[in-house]
Amino acid sequence: MGSGAALSLKDPQGLYLDWETAHWAAQDIDLAGDPADWAALDDGERQLLQFALSSLMVAEERISTQFCGLVLAQDDEEEGSYLATQLVDEVRHMQFYARFQNEVIADPAAIAAHVERARTVLSDPFRRIFDEALVEAHERLRLDPSDREAKVGFVTIYHMVIEGTLGLVTSHFLLGLLRERGLLPGFADGYGRIAADEQRHIAYGTWFLREAVAEEPALAQVVRDRLIELLPAVAESLSPPGDVAFEALGIDQGALSEFGLNALNRRLAIIGVSLQD
Ligand SMILES: [Fe+2]
Ligand SMILES: [Fe+2]
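Analysis parameters
- Residues numbered from 1 in each chain as written.
- Chains lettered and ligands numbered in written order.
- Predicted model: local features only at pLDDT ≥ 70, side-chain atom pairs only at ≥ 80, totals over all residues.
- Helix = DSSP H or I, 4+ residues; strand = E, 2+ residues; numbered from the N terminus.
- Rg over C-alpha atoms; globule rule 2.2 N^0.38 Å.
- Buried ≥ 20, exposed ≤ 12 C-beta atoms within 10 Å, placed from the backbone.
- Contact = placed C-beta atoms within 7 Å.
- Axes fitted to C-alpha atoms, helices over the stretch in contact; angles between N-to-C directions.
- Parallel < 35°, antiparallel > 145°, perpendicular 65-115°, else oblique.
- Nonpolar A, V, L, I, M, F, W, Y, C, P; charged D, E, K, R; others polar.
- Core = buried A, V, L, I, M, F, W, Y, C linked by C-beta atoms within 7 Å.
- Expected span 1.5 Å × (residues − 1).
- Bend = angle between axes of the 7 residues up to and from the residue.
- Left-handed = near helix turned anticlockwise from the far one by under 90°.
- Arc of directions from axis to C-beta.
- pLDDT = per-residue confidence, 0-100.

Notes on the overall build of the protein chain
Now for step 1: Along the backbone of the protein chain there are eleven helices and zero strands.
Now for step 2: The secondary structure elements of the protein chain, listed N-terminal to C-terminal, are α-α-α-α-α-α-α-α-α-α-α.
Now for step 3: Taking 2.2 N^0.38 as the reference for a compact globule, 277 residues should give roughly 19 Å; the C-alpha atoms of the protein chain span a radius of gyration of 18 Å, in line with that estimate.
Now for step 4: Sorting the 277 residues of the protein chain into buried and exposed places 42% on the buried side.
Now for step 5: Of the contacts formed within the protein chain by residues at least 6 apart in sequence, a portion of 82% connects residues at least 24 apart.

Details of the packing of helix H7 (residues 124-143) against helix H10 (residues 220-237)
Now for step 1: Viewed as axis vectors pointing N to C, H7 and H10 meet at an angle of 130°, and their least axial separation amounts to 7 Å. One finds that H7 runs oblique with respect to H10. Only Leu-230, Ala-233, Val-234, Glu-236 and Ser-237 of H10 make contact with H7, whose side of the interface consists of Pro-125, Phe-126, Arg-128, Ile-129 and Ala-133.
Now for step 2: Looking at side-chain class alone, the contact of H7 with H10 contains seven nonpolar, one polar and two charged residues.

Re the environment of Leu-219
Now for step 1: Note on placement: Leu-219 falls in the loop between helix H9 (185-215) and H10.
Now for step 2: Judged by C-beta crowding, with 20 C-beta atoms within 10 Å, Leu-219 ranks as buried.
Now for step 3: Taking the C-alpha atoms as reference points, Leu-219 and Arg-148, separated by 71 residues in sequence, lie 8.4 Å from one another.
Now for step 4: Ignoring any residue separated from it by four or fewer positions in sequence, one finds Leu-219 in contact with Arg-148, Glu-149, Val-152, Ala-212 and Val-213.

A few points about the nonpolar core
Now for step 1: Counting residues in hydrophobic clusters, the biggest one holds 73 residues, and the most contacted among them are Ile-129, Ile-157 and Val-223.
Now for step 2: Those residues within four positions of Ile-157 in sequence are excluded, and the remaining contacts are Ala-133, Leu-134, Ala-137, Ile-162, Arg-226 and Leu-230.

A closer look at H10
Now for step 1: In this model, H10 (18 residues) spans 25 Å end to end at C-alpha, consistent with the 26 Å of a helix rising 1.5 Å per residue.
Now for step 2: In H10, a bend of some 35° at Leu-230 exceeds every other bend along the element, and Pro-232, a proline, comes one to four places later.
Now for step 3: Every buried residue belonging to H10 is among Ala-220, Val-222, Val-223, Arg-226, Leu-230, Ala-233, Val-234 and Ser-237, and all of these are buried.

Remarks on the packing of helix H3 (residues 43-65) against helix H5 (residues 77-105)
Each packed pair of helices is defined by two parameters, the angle between the axes and the distance between the axes.
Now for step 1: At a minimum axis distance of 8 Å, the contact between H3 and H5 shows a crossing angle of 145°. Of the two possible hands of crossing, H3 and H5 adopt the one that is left-handed. Together, Leu-53, Leu-56, Met-57, Glu-60, Glu-61, Ile-63 and Ser-64 of H3 and Glu-90, Val-91, His-93, Met-94, Tyr-97, Gln-101 and Ile-105 of H5 make up the contact between the two elements.
Now for step 2: Grouping the constituent residues of the contact of H3 with H5 by class yields eight nonpolar, three polar and three charged.

A short note on helix H1 (residues 12-20)
Now for step 1: Pro-12, Leu-15 and Tyr-16 are the residues of H1 that are buried. Within H1, the buried residues cover an arc of 105° as seen down the axis, which keeps them to one side.
Now for step 2: Taken together, the buried residues of H1 touch H5 and H9.

Some points on the environment of Leu-230
Now for step 1: Mapped onto the elements, Leu-230 comes out in helix H10.
Now for step 2: Note on Leu-230: 24 C-beta atoms within 10 Å, which makes it buried.
Now for step 3: It is 15 Å that separates the C-alpha atoms of Leu-230 and Gln-276, two residues lying 46 residues apart in sequence.

Comments concerning unusual backbone geometry
Now for step 1: The phi torsion at Leu-184 lies on the positive side, around 45°, for a residue other than glycine.
Now for step 2: Of note, Leu-184 is situated in the loop between helix H8 (148-181) and H9.

Looking at the confidence of the model for the protein chain
Now for step 1: Residues with a pLDDT of 70 or more make up 92% of the protein chain, whose mean pLDDT is 91.
Now for step 2: With pLDDT under 50 throughout, residues 1-5 is counted as low confidence; its partners more than four residues away or in other chains account for seven contacts.

Following this line, the structure appears as structure tokens:
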């Protein structure tokens, strides 16, 4: 086990209490300045941001609809309290992206219509993560919430791969870019609040996996297998499909992967799992 074993992590009750003092509302974010910014982007930039926003719209729809199984799998009331807050957070994120679509990108429509349109620009690796791996892991857990391997597998995919790697890399670079250029201030405000919510979610996943592996060391293999299986798709889904490249926005593709892998490895050291074993 790594030196992280001694590190103190907030437990679900602590994360629940943090949530109580960290409220915000998707409808309160001021988007008034964003339509003019959106219209002023050049075509290449707009295409890249459209790809990123489409990924976020679909990802939040997926992760808010593929979550209830984990609430059912709670081990006690404190964990259940925290997990209920995460479900509400994910719904708020989906609502914020849908509101941005309604008011800045497209005409007002139902969330399903925004998701369907957003899906047309997404790539196969994105679908492998969100439509296959996540859905299968959720279904397994929903059918038997007492299955430890299923819970560990689901949290690995959801909290480590999707939130702790893919989501974290995207928000780090995209928020950095928007803030540096003063672009889409309303979107950057909402996305910054979303990223703060995500820190709590990732903290829960790290806490849960550390406890689960400490209790039953054989579960480390489940964490490792899921990561090894999905990391190639994560790396691929960070590249926009077709001939657009993030370099057009001044973002270096190598730095993206490196940042994601470093963040993941830091967390794995805390959990006590090595990718190499
Ligand atoms: Fe989210
Ligand atoms: Fe989340």
